[in-house]
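Residues per chain, in single letters:
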Amino acid sequence: MNSSRAPSLETICEFSRPFFPGCQIEILPRIDFTDFSKHGQNGMRINPYTKQPQYLTSFIIGHLKKMKRRERKHDRQELFCIGVTMADIYPGSNWNFVYGLASIDDGIGIYSFSRLDPLFPNAEMAGPCTDEVRILILKRSISVFVHEVIHLFGVEHCIYYLCMMNGTETEEEMDGQPLYLCPICLRKMYSAIGKEKKHFNVIQMYTKILELCKSLHFKDESAWYENRLNLLNITANN
Ligand SMILES: [Zn+2]
Ligand SMILES: [Zn+2]
């Protein structure tokens, strides 16, 4: 893994927080799953196209399930447990790769950021990113992460408006996807948050996200949130 190109997990979590009011997001210790091969299990392969190691999603999900059970024993009730990796992943021998996979019933997901680097599969050899590429990788990672966690809340792909819950199939579609929820998906999240609804305040949510967009130099997103906040504040003051 070329860690100098990896997006910051702390920043991804920080950006996710306002989307899930009332929920705590915590970064757990890193797991080295390259060990799977040593255990004589078939959880790894070399991808025939990229010639790079790839890890089987079911092994990682199995590991996260065990972790979740352990946490429960210590009375720590986790809603979801999400693994992110800079390694490439695949769901079965017939597949080339997958960006991510969730086990909705278990509240577990595994997502790979490796292919979000425009230089994949040669990112290993590349030097540190330019600012422009760093922002692109970070924005893609945040977008994938928040989108996938919203799926875990039971919200499906959006077919109504331009929205971060639109399904994407290509890189162009992914980069064209906004970092905000349309009114319908925002309302769905309000329902999904359940008893934490009292924390769901759109003005507070947008204010926090705008602050983060500005600090991360997400220009278009800053403009969108700023505009929305202006409209909301005008409505609130009338
Ligand atoms: Zn999706
Ligand atoms: Zn939507």
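Identification of the protein as Archaemetzincin-2 from Rotaria sordida is taken from an unreviewed UniProt entry. Quoted straight from UniProt, the Cofactor (unreviewed entry) entry for the protein says "Zn(2+)".

Looking now at the coordination of the zinc ion (ligand 2). The protein atoms donating to the zinc ion (ligand 2) are Cys158 (SG), Cys163 (SG), Cys182 (SG) and Cys185 (SG), with metal-donor distances spanning 2.3 Å. Of note is the zinc ion (ligand 2), whose four donor atoms meet at the metal with angles of 103 to 114° in an arrangement that counts as tetrahedral. Read N to C, the donor residues that coordinate the zinc ion (ligand 2) are spaced as C-x4-C-x18-C-x2-C. Cys185 sits in the buried class, given a relative accessible area of 0%.

Scanning the model with the defined rule gives 10 salt bridges in all. With a closest N to O distance of 2.7 Å, Arg5 and Asp117 form a salt bridge. Here Asp117 lies in the loop between β6 (108-112) and α3 (131-152) and Arg5 lies in the segment before α1 (9-16), a separation of 112 residues in the sequence. The exposure classification of Arg5 matches that of Asp117, with both residues buried. A salt bridge links Arg140 to Asp175, with the shortest nitrogen-to-oxygen separation between them at 2.7 Å.

Time to look at the side chain of Arg45. Tracing the sequence through the fold places Arg45 in strand β1 (residues 44-46). Among buried Asp, Glu, Lys and Arg side chains, Arg45 stands out as unpaired, with Asp88 the closest opposite charge at 7.0 Å. Side-chain polar atoms of Arg45 contact the backbone oxygen of Ser93, separated by 3.5 Å. The residues contacting Arg45, other than those within four sequence positions of it, are Gln52, Pro53, Gln54, Tyr90, Gly92, Ser93, Trp95 and Asn96.

Distances from the zinc ion (ligand 1) to its protein donors, namely His147 (NE2), His151 (NE2) and His157 (NE2), fall within the range 2.0 to 2.1 Å. All donors of the zinc ion (ligand 1) come from a single chain, and their spacing in sequence reads H-x3-H-x5-H. Here His147 is found in helix α3, whereas its partner His157 is found in the loop between α3 and α4 (171-176), with 10 residues between them in sequence. Owing to a relative accessible area of 41%, His157 belongs among the partly exposed residues under this scheme.

A few words on the confidence of the model for the protein. The share of residues in the protein with pLDDT of 70 or more is 93%, and the mean pLDDT across the chain is 88. For the protein, per-element mean pLDDT is lowest for helix α2 (residues 57-73), which scores 84, and highest for helix α6 (residues 202-215), which scores 97.

Moving on: α3. Taking 1.5 Å of rise per residue, the 22 residues of α3 would be expected to cover 32 Å, and the 32 Å separating its terminal C-alpha atoms lies within 8% of that figure. The buried fraction of α3 amounts to 16 of the 22 residues, a majority that puts the element mostly inside the structure. Just past α3, the residue Gly154 takes up positive phi, approximately 95°.

Taken as a whole, this structure holds 11 aromatic pairs when the rule is applied. Both rings, one in Phe19 and one in Phe20, keep their centres 6.5 Å apart while their planes meet at 50°; by these two values the pair is tilted. We classify Phe20 as buried; its relative accessible area is 3%. Each ring, one from Phe80 and one from Phe153, has its centre 4.9 Å from the other, and the planes form 80°; the classification is edge-to-face. Here Phe80, found in the loop between α2 and β3 (81-85), pairs with Phe153, found in the loop between α3 and α4; they are 73 residues apart in sequence, far enough to count as distant.

The assigned domain composition of the protein is domain 1 (3-193) and domain 2 (201-238). Here the C-alpha centroids of domain 1 and domain 2 sit 25 Å apart. The interface of domain 1 with domain 2 comprises 14 residues on the first partner and 13 residues on the second. Buried surface at the junction of domain 1 and domain 2, summed over both partners, amounts to about 1,300 Å²; 78% is from carbon and sulfur atoms. The largest per-residue losses of area from domain 1 upon contact with domain 2 belong to Phe15, Pro18 and Tyr180, which jointly make up 37% of the total buried on that side. Our count for the contact surface shared by domain 1 and domain 2 stands at one salt bridge. The residue Glu221 makes a salt bridge to Lys139 at a minimum N-O spacing of 3.4 Å. Joining domain 1 to domain 2, the criterion identifies two residue pairs in polar contact (both at pLDDT 80 or more). If you list the elements that add at least two residues to the side of domain 1 that touches domain 2, you get α1 and α3. The element that contributes the greatest number of residues to the side of domain 1 that touches domain 2 is α3, accounting for four residues. Its residues assigned to classes, the side of domain 1 that touches domain 2 comprises 11 nonpolar, one polar and two charged.

What counts as what
- Residues numbered from 1 in each chain as written.
- Chains lettered and ligands numbered in written order.
- Predicted model: local features only at pLDDT ≥ 70, side-chain atom pairs only at ≥ 80, totals over all residues.
- Heavy atoms only, no water.
- UniProt positions renumbered as here; feature names shortened; annotations may be inferred.
- Donors = N, O, S within 2.8 Å, 3.2 Å for Na, K, Ca; no water.
- Tetrahedral: all angles 85-135°; square planar, octahedral: opposite > 155°, others 65-115°.
- Buried < 20%, exposed > 50% of the residue type's maximum accessible area, 1.4 Å probe, protein only.
- Salt bridge = Lys/Arg side-chain N within 4 Å of Asp/Glu carboxyl O.
- Helix = DSSP H or I, 4+ residues; strand = E, 2+ residues; numbered from the N terminus.
- Lys, Arg positive; Asp, Glu negative; His and termini not counted.
- Polar contact = N/O pair within 3.5 Å; in protein donor to acceptor, adjacent residues only side chain to side chain.
- Contact = heavy atoms within 4.5 Å.
- pLDDT = per-residue confidence, 0-100.
- Expected span 1.5 Å × (residues − 1).
- Phe/Tyr/Trp six-rings, centres within 6.5 Å; stacked < 30°, edge-to-face > 60°.
- Domains from an automatic or database assignment.
- Buried area = accessible area lost by both parts, 1.4 Å probe.
- Nonpolar A, V, L, I, M, F, W, Y, C, P; charged D, E, K, R; others polar.

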